[in-house]
Amino acid sequence: MRFLPVGPRTLLVELADLDATLALFDALLANPVEGIAEIIPAARTLMIRVGPGFAADGALAAQIMARQPAPGTVRRETQVETVEIPMAYDGQDLADVAAHMDLTVAEVIAAHQAATWAVAFCGFAPGFAYMTGDDPRFDLPRRPAPRTRIPAGSVALAARFCGIYPQDTPGGWQLIGTTRVPMWDLSRDPPALLRPGVRARFVEGVAEVHPSAAIPQPQGQPALTVVQTAFPIVFQDEGRPGQGGQGVSASGALDMGAMRRANRAVGNPSGAPVLEITLGPVRLRADQPVTLALTGAGRAMVEGQAMPAAFALDAGDEVMIPPPPAGMRSYLALRGGFDVAPVLGSAATDTLAFVGPQALTNGARLYAANNPATAIAVPEDQPPLPKPGEVVELPVTLGPRADWFSDDMIQHFLSQDWLVTPQSSRVGIRLEGDAITRDDARELPSEGTETGAIQIPHSGQPVLFLADHPLTGGYPVIATLLPSALDLAGQIPPGARIRFTAAAPFHDMKVQP
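Residues numbered from 1 in each chain as written. Predicted model: local features only at pLDDT ≥ 70, side-chain atom pairs only at ≥ 80, totals over all residues. Heavy atoms only, no water.

Here the focus is the packing of aromatic side chains. Overall, the coordinates contain 11 aromatic pairs when judged by the stated rule. On the numbers, 5.6 Å between centres and 65 degrees between planes, the contact of Trp117 with Phe138 is edge-to-face. You can see Trp117 sitting in strand β6 (residues 117-122) and its partner Phe138 sitting in the loop between β7 (129-132) and β8 (147-150), a full 21 residues away along the chain. Considered together, Trp117 and Phe138 belong to a single accessibility category, that of buried residues. Between Phe121 and Phe161, the aromatic rings sit 5.7 Å apart at their centres with planes inclined by 80 degrees, giving edge-to-face as the arrangement. (Phe/Tyr/Trp six-rings, centres within 6.5 Å; stacked < 30°, edge-to-face > 60°. Helix = DSSP H or I, 4+ residues; strand = E, 2+ residues; numbered from the N terminus. Buried < 20%, exposed > 50% of the residue type's maximum accessible area, 1.4 Å probe, protein only.)

Close approach of charged atoms allows side chains of opposite charge to pair. Overall, the coordinates contain 20 salt bridges when judged by the stated rule. By sharing partners, the salt bridges in this structure join Arg2, Glu14, Arg401, Asp403 and Glu447 into a single network. (Salt bridge = Lys/Arg side-chain N within 4 Å of Asp/Glu carboxyl O.)

The geometry of helix α3 (residues 94-101) relative to helix α4 (residues 105-114) is characterised by a closest axis approach of 9 Å and an angle of 90 degrees between their N-to-C directions. As the angle between them shows, α3 and α4 are arranged roughly perpendicular. Taking contact as the criterion, the partners of Leu94, Ala95, Val97, Ala98 and Met101 in α3 are, on α4, Val105, Val108 and Ile109. Among the residues making up the contact of α3 with α4, the classes are represented as eight nonpolar, no polar and no charged. (Axes fitted to C-alpha atoms, helices over the stretch in contact; angles between N-to-C directions. Parallel < 35°, antiparallel > 145°, perpendicular 65-115°, else oblique. Contact = heavy atoms within 4.5 Å. Nonpolar A, V, L, I, M, F, W, Y, C, P; charged D, E, K, R; others polar.)

A separate point is the sheet that holds strand β13 (residues 199-204). Pairing in this open sheet of seven strands is mixed, and the strands run β5-β13-β6-β7-β10-β9-β12 from one edge to the other. Pairing within the sheet leaves two strands with one partner each, and these edge strands are β5 (82-87) and β12 (174-178). Geometrically, the sheet is characterised by an average inter-axis angle of 35 degrees between neighbouring strands, direction not taken into account. Two elements, β5 and β13, share six bridges in a ladder whose sense is parallel. Note that in β13 the partner of Pro86 across the bridge is Val203. Relative to β13, α4 is tilted by about 145 degrees, and along the sheet it contacts β5, β6, β9 (154-158), β10 (161-164), β12 and β13. (Pairing = 2+ DSSP bridges.)

Before going further, it helps to spend a moment on the sheet that holds strand β27 (residues 428-432). Ordered in space as β25-β32-β29-β30-β27-β26-β33, the seven strands form a closed barrel in which the pairing is mixed. Taking each pair of neighbouring strands and ignoring which way they run, the sheet shows an average axis angle of 40 degrees. In the packing of helix α6 (residues 407-415) onto the sheet, contacts are made with β25 (391-398), β26 (418-420), β29 (453-455), β32 (477-481) and β33 (497-502), and the angle to β33 comes to roughly 130 degrees.

This is the structure:
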């Protein structure tokens, strides 16, 4: 067992194999450690987050180690149900799978149906379950080159796992068939059909599928209309932490401080939903009298006049938000709040996983919730924001996979200024510079990734994960941004440069016996 640093409230536990990982996962569920808020299991690791007031340090690691089951411990029976999944064996790779297993296609189908598939963990996309089977012959390689699009409902195999793609997505697994059973359905509780502990059996046939229930839409007169926006506008709040078991990341506002300042400026609870506006220009029309607040990068203009942080509009007035000279994102709060249906307890729009309200474009109408509001806060200062061409220093914790790179490469990573490219988004900031390389071309089994993780893909060009990042990833993470720097990272525009600073060299967390 190794303990690898991720951040002040997150660590990664690395174990020998999947069986040892799931045995420790079971042990921590049966005998919880005080302070642990969430555990993200993966093929050989557990990513462990602690709650406020707790630290991911050696003392926590010692408590986890004390719960390690004895070698050879059999997993306790935790499954809550067994689901039957009708499918058609019509996958493009079925013949290749049969050849690899030295079986006929009919024998592959029979073996796949005879196996019991247990959900080990979720990730990659909401509702995507990594299922392990009891037939060792299904240890299959990935495709030599991934496909750019795999249709939703595809049943696929790779390594020891069987998975069903919940939505259209790229992927490199071996496709053996399709099912009409939805893996992710927000009208279900919980939305994910397959979750850790659930078992699945596959049968040949066609499922009867019922349409999902429609999400209630606001009624009455809108408060605001989007007249013009250069980029889609999204609702954001404090996100939906704690949903990792369904393969859902937290999402939420990229600049939490700016979001909370906007709400306080109009007397809303600090975590109420707001509009996150990327760059500009944006024009909004008031369809009834409203009180608004804008924070972050943008400045509100009404009839050519700059508005204070909080301002009122009469019906018919328009507010213009020009492209900001510095920063990247602005946050617009409505006094009394927006009437927007929460998904899994949050109004945050996850742009990668397609969880939450739809993005807003020209013509979108926004409705008021008319929640009770309190006195507005004293105007708060806006921290300075970076401009294109400027160099921004971001502090990091080296790890959890810094030991996959040489000391010279670590220094190479820290000593250069990385250009922020226009391909950046809420999923992550794509950087460009002198490539980071490693002598060892090993593949990293998928493992949990934290917001702020800096992945090094095969190209050697880092990707800094932001709020809508995948829950798990398969490229080594050389460093992880400190949580205190996430707001600033969310405001860095294309054309700016980032220099990463590390307070201490990488080392495994030391645990006292």
